[in-house]
Amino acid sequence: MTRLAITMGDPAGVGPEIIMKALQRVEVRAHDDTPSLVVLGCANALEQAADALQMRPPPRIGLDDVASATGVSCVPLDEDAPVPPLGVVSAAGGEFAYRAIEEAVRLSEQGAIDAMVTAPLNKEALN
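None of the values given here were measured: they were computed from a predicted structure.

1. Some points on the environment of Val105
Then step 1. Take Val105: it is sitting in helix H3 (residues 91–110).
Then step 2. With 95 residues separating them in the primary sequence, Val105 and Asp10 have C-alpha atoms 17 Å apart.

This is how it looks when you write it as structure tokens:
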């Protein structure tokens, strides 16, 4: 089974909504040929996007569970962090985006994931 990490980008941006809309169109089953999708980022932002779209958010898992995850899941990088205000560029949003990419690279180097995809990144927030 292929394991794919999706990095959220800035949680105050369009990433959480784009990811949830994409997940509406993806049917993921636990078969050998179906990829496992793991979203890395601000779980609270992903859950807000899911609520706005009247969807069920992916279940939360820990970083140690990524290699064995099936279906769609979310790895919160800071469960207690508030969601940055939507549409506002902030250092906190840039930090989430950076951390998600950093974790995806680390998971790839460990062999826990096979590939990564990034949602849109705000370069101003990253800087």
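From this point, the discussion proceeds with the structure in view.
2. Notes on the environment of Ser90
Then step 1. Note on placement: Ser90 falls in the loop between strand S3 (72–76) and H3.
Then step 2. Spatially, the C-alpha atoms of Ser90 and Glu124 are 8.4 Å apart, while their sequence positions differ by 34 residues.
Then step 3. Not counting the four nearest positions on each side in its chain, Ser90 is found in contact with Pro84 and Ala125.

3. What about H3?
Residues lying three or four places apart along an α-helix face the same way, a consequence of the helix completing one turn every 3.6 residues.
Then step 1. For H3, spanning 20 residues, the distance from its first C-alpha to its last is 28 Å, which sits close to the expected 28 Å at 1.5 Å a residue.
Then step 2. Here H3 has its buried residues at Gly93, Gly94, Phe96, Ala97, Ala100, Glu103, Ala104 and Leu107.
Then step 3. Of the surrounding elements, those touching the buried residues of H3 are strand S1 (3–7), strand S2 (36–41), strand S4 (115–118) and helix H4 (123–126).
Then step 4. Following H3 by one or two positions, Gly111 adopts a phi angle in the positive range, close to 85°.

4. A look at the pattern of salt bridges
Then step 1. Across all of its chains, the model carries 4 salt bridges by this definition.
Then step 2. With its nearest N and O atoms 3.4 Å apart, the salt bridge here joins Asp114 to Arg3. Remark: Arg3 occurs in strand S1 and Asp114 occurs in the loop between H3 and S4; sequence separation between them is 111 residues.
Then step 3. We classify Arg3 as buried; its relative accessible area is 17%.
Then step 4. The partner of Glu103 in a salt bridge is Arg106, with the nearest N and O atoms 2.7 Å apart. Residue Glu103 and its partner Arg106 are both found in helix H3; the two are separated by 3 residues, about one turn of the helix.
Then step 5. A residue is classified by how much of its surface remains accessible, and Glu103, at 11% relative accessible area, is buried.

What counts and how
- Residues numbered from 1 in each chain as written.
- Predicted model: local features only at pLDDT ≥ 70, side-chain atom pairs only at ≥ 80, totals over all residues.
- Heavy atoms only, no water.
- Helix = DSSP H or I, 4+ residues; strand = E, 2+ residues; numbered from the N terminus.
- Contact = heavy atoms within 4.5 Å.
- Expected span 1.5 Å × (residues − 1).
- Buried < 20%, exposed > 50% of the residue type's maximum accessible area, 1.4 Å probe, protein only.
- Salt bridge = Lys/Arg side-chain N within 4 Å of Asp/Glu carboxyl O.

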